[in-house]
Amino acid sequence: MADAKVIPFDDDRARGNVQRPGRRRAAAGVARRDRAEPAAVRAAGDADGRAAVVPGQASGVEPPAGVRAPAPRPAEGAGADGGWEQRLASGLAFLRRRVTGEYEVDEFGYDRELTDQVLMTLLRPLYEKYFRVEVRGIENIPAEGGALVVANHSGTLPLDGLMMQVAVHDNHPAQRHLRLLAADLVFVLPVVNELARKAGHTLACAEDAERLLRRGEVVGVMPEGFKGIGKPFGDRYKLQRFGRGGFVSTALRAGVPIVPCSIVGAEEIYPMVGNAKTLARVLGLPYFPVTPTFPWLGPLGAVPLPTKWTIQFGEPIATDGYPAEAAEDPMLMFNLTDQVREQIQHTLYKLLVQRRSVFF
């Protein structure tokens, strides 16, 4: 395997030999699926004259500020979409569209239907049950229009990016989709390449990032790159260098806000106590991690530790007030980059002080 070449985010070059898959349009004449309307459940008085509780009816108690009220439960024996018959019909229709090619992907290869119905479903148990992710400040991501989410990177394997993607989709009132920017190593690995494209990820270059932002997408970037995800356990929660400020330049050109994001919990899933550099060079990898369980326990050592995660989205930093030529001002880019980095680092320390335990 050849040495992986990481394309820096602030490189304004085109994507080179990385090709975008073509856009497939849905075939005409596909019948729309009818959703069965659940029957209304009437309240009935019991023998004591008390009103029975209607499933899904509001209880009159307002949820705390910033906390989303849970979705109403369906009536007994009925599924979320009107019963198991409706779920089965939806599943069969989904499989038919997959087989016949009657689905659509954008110019970057993003398959929204597959992401929502399959990939998110597979990641959600890891997000909700295993890492028990707590999300704060989701309101700082705008309900519409472009935004650039800048986060710290850690954990030996890039699970933090996937958990951040689920956090935005499942907690934002508008169920926005986070489009992550990844290094070119992701797009040369078999299987991983296709899955990353389908999930909406694209190459971490300024050209693609700016196009997505101008289209009104929420884009996620982790400027530390391999320096952050592959750092030793002794340097946990210490931010590495943020590059030359390419993400700030892109946000300035697109006129979108920068949303700092701090992730606590990912550093401990694979405590990296060593790096087999010779083996990494042979395999063409940026690093080869050695943890207390890997490679000593074989495949079992690749199971992450069940740490408790917190993802906090900070106050957005506006960029639309700067003139067009501001993107070429190196001093401004340095100052904004430092501001974003300091805000993320300060929030990390704050969350660590508030944390009761790594696992609880």
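Look above for the structure.
Residues numbered from 1 in each chain as written. Predicted model: local features only at pLDDT ≥ 70, side-chain atom pairs only at ≥ 80, totals over all residues. Heavy atoms only, no water.

The linkage connecting F294 with the following residue, P295, adopts the cis geometry, with an omega of 5°. The residue P295 is located in the loop between β8 (289-290) and β9 (310-313) in this model. Phi at R132 is positive, roughly 50°, even though this residue is not glycine. Relative to the assigned elements, R132 resides in the loop between α2 (112-130) and β1 (134-136). By relative accessible area, which is 25% here, R132 ends up partly exposed. Positive phi is not limited to glycine here, since Q175 has a value of about 50°. Take Q175: it is sitting in the loop between α3 (159-171) and β3 (178-182). By relative accessible area, Q175 is classed as partly exposed at 43%. (Helix = DSSP H or I, 4+ residues; strand = E, 2+ residues; numbered from the N terminus. Buried < 20%, exposed > 50% of the residue type's maximum accessible area, 1.4 Å probe, protein only.)

We now examine the side chain of H169. With respect to the helices and strands, H169 occurs in helix α3. Reaching out from H169, the side chain makes a polar contact with the side chain of D116 at a distance of 3.4 Å. A distance of 2.8 Å separates the side chain of H169 from the side chain of D170, its partner in a polar contact. (Polar contact = N/O pair within 3.5 Å; in protein donor to acceptor, adjacent residues only side chain to side chain.)

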